[in-house]
Amino acid sequence: MEPRARSRLPVTAAAALLALTAACTGGTVQGRPGASGLRDPYFPKAGNGGYQVEHYALDLGYDPAGGRLHGTAVITARAEQGLSSFNLDLSGLRVEGVKVQGAGARFNRTGNELTVRPAEELKKGEVFRTEIAYGGKPKALADPDGSEEGWITTGDGAVGVGEPVGSMTWFPGNHHPSDKATYDITLTVPHGYQAVSNGELRSRTDTGDGRTAFAWHSPEPMASYLATAAVGRYEVTTGRTASGVALYTAVEPEEADRSAGPLARLPEMVEWGSGRFGPYPFGTAGAIVLPAGTLAYALETQTKPVYSGAPDSEELVLHELAHQWFGNSVSPESWKDMWLNEGFATYAEWLWAEDQGEHTAQERFDAFLEGDTSVDGRAAADWDAFPPAAPPGPEDISGSPVYYRGAMVLHRIRQEVGDEKFFDLLRGWAVDHRHGNAGTAGFTAYAERRTGHDLKKVWDVWLYGKARPR
Ligand code: TRP
Ligand code: ZN
């Protein structure tokens, strides 16, 4: 239709006709604004509609003394509709300029939404490049559950952590786990500091002005909540696992002695996980041990989980490693699906302990059921407050039922189908959804198909049932 109109009518008339046609047919020709949120049940404004990001290139300088971050984000994305404008999520900071496809774009900000209006509309299917120059003093966010996330300063540095929505405090993006992308994160910091991020360190360059640029590359897709950047005076250790996964650990010197024990078996754990859940999904593994007291939690940031001070235990290290399969490679469709992350990572702890000849998973399961804290010190947590697949609100997505009742669901499946089918299910789930997204309904259907068992009772009672199962 377009070429025909153009050949028969003067250009302006053709444009008017196209616009009219678009208006009449609901905008099939003309672009329209992308949605300002993805309607996540708990974080409706997180993420944005109308495009999917393919790649983020963040080039950021950080000055630990002043707490200022400054640089550019280059976002390569594919339009999923014609776009007259689109949104990015960004909290705080100052946007200095935006270009789309090399041309200056208009932008405005309301709350955590940065709306970009390109000079020329984007066509459905078009791959486009948006460059945002920005900077300022990033501010951390308080989560619905009271914990802090986002850009967090330490005594002499900082770290970016983003679960569930904190990444918008340090870079503009499509901040919802359903939009995964590859990353290149380059951090420039004063001499004497290390800058650590996800993936592989491609280069370390003296910029000639008293600073060093650390260029980190993540070739596998990553949900933005798993991006990290840590600036500090870390002790770095590198190595390789038996099967060749590169290891990089950055440890706050004051925590080095206490970290050595819990981190010692990380290489072995990577191999163990690969045996249980299928090949480790990333090219690199490691850890970042922050100064004690930086955060109230550990986080499974992709390839290099962050710990606030030395990890308390080997099981915590195993938990964050297990997230690399469950959460990071197989990512949740929505924040309501958190048990697919936490229930699985918790059950991985139980399996590791079982394989070490410590408590069996059955013993842990029984202990939780009976409130017996002698097996797992956490058994007394209010695990029966709500069912794992239905946390009542955003403040509950990190609640104990998501972890412990989530793990118990997996153990109930194991009891129903037996070890052989159960381990085939765990591995199949991770392998078949590798580097993708999945939700709870997808899991229950997959589990029944893969094992050939009707598991409706397990779902009704253990996954969705409000009452405390007996
Ligand atoms: N995912 C972290 C873990 O390893 C815990 C966590 C930190 C968390 N922040 C969160 C869980 C926000 C849910 C939401 O267990
Ligand atoms: Zn976890």
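A short tour of the structure in this document, coming up.

Cut-off values and rules
- Residues numbered from 1 in each chain as written.
- Chains lettered and ligands numbered in written order.
- Predicted model: local features only at pLDDT ≥ 70, side-chain atom pairs only at ≥ 80, totals over all residues.
- Heavy atoms only, no water.
- Helix = DSSP H or I, 4+ residues; strand = E, 2+ residues; numbered from the N terminus.
- Rg over C-alpha atoms; globule rule 2.2 N^0.38 Å.
- Buried < 20%, exposed > 50% of the residue type's maximum accessible area, 1.4 Å probe, protein only.
- Contact = heavy atoms within 4.5 Å.
- Areas by Shrake-Rupley, 256 points an atom, 1.4 Å probe, with all protein chains shown as cover.
- Expected span 1.5 Å × (residues − 1).
- Arc of directions from axis to C-beta.
- Polar contact = N/O pair within 3.5 Å; in protein donor to acceptor, adjacent residues only side chain to side chain.
- Donors = N, O, S within 2.8 Å, 3.2 Å for Na, K, Ca; no water.

### Examining the overall build of the protein
Okay, step 1: The helix and strand tally for the protein stands at 11 helices and 23 strands.
Okay, step 2: Taking 2.2 N^0.38 as the reference for a compact globule, 470 residues should give roughly 23 Å; the C-alpha atoms of the protein span a radius of gyration of 24 Å, in line with that estimate.
Okay, step 3: Here the protein, with 470 residues, has 57% of them falling under the buried criterion.
Okay, step 4: Taking the contacts inside the protein whose residues are at least 6 apart along the sequence as the reference set, 66% of them involve residues at least 24 apart.
Okay, step 5: Looking at the protein as shown, the accessible area adds up to about 18,800 Å², and 50% of this sits on carbon and sulfur atoms.

### Let's talk about helix α10 (residues 440-451)
Okay, step 1: Under the 1.5 Å per step criterion, the end-to-end length of α10 is 16 Å for 12 residues, consistent within 8% with the ideal 16 Å.
Okay, step 2: Inspection of α10 places Thr440, Phe443, Thr444, Tyr446, Ala447 and Thr451 among the buried residues, and these make up the whole buried set. Along the axis of α10, the buried residues cluster in a sector spanning 165°; they form a single face. In this structure, α10 carries Ala441 and Arg449 as exposed residues pointing more than 90 degrees from its buried face.
Okay, step 3: Along its buried surface, α10 packs onto α6 (339-355), α8 (400-417), α9 (419-432) and α11 (456-463).
Okay, step 4: Immediately beyond the C-terminal end of α10, within one or two residues, lies glycine 452, with a positive phi of roughly 70°.

### Quick notes on the side chain of threonine 444
Okay, step 1: In this structure, threonine 444 sits in helix α10.
Okay, step 2: Take threonine 444: its relative accessible area is 11%, and that puts it in the buried class.
Okay, step 3: Among the polar contacts listed, one links the side chain of threonine 444 to the backbone oxygen of alanine 441, at a separation of 3.1 Å.
Okay, step 4: Here threonine 444 is in contact with Trp459 and Leu463, once residues within four sequence places are set aside.

### Observations concerning the coordination of the zinc ion (ligand 2)
Okay, step 1: Each protein donor to the zinc ion (ligand 2) is listed here as His319 (NE2), His323 (NE2) and Glu342 (OE); together their distances run 1.9 to 2.0 Å.
Okay, step 2: For the zinc ion (ligand 2), the single-chain donor residues occur in sequence as H-x3-H-x18-E. Of this pair, histidine 319 and histidine 323 both sit in helix α5 (residues 314-325), separated by four residues, roughly a single helical turn. Residue histidine 319 shares its accessibility class with histidine 323, and that shared class is buried.

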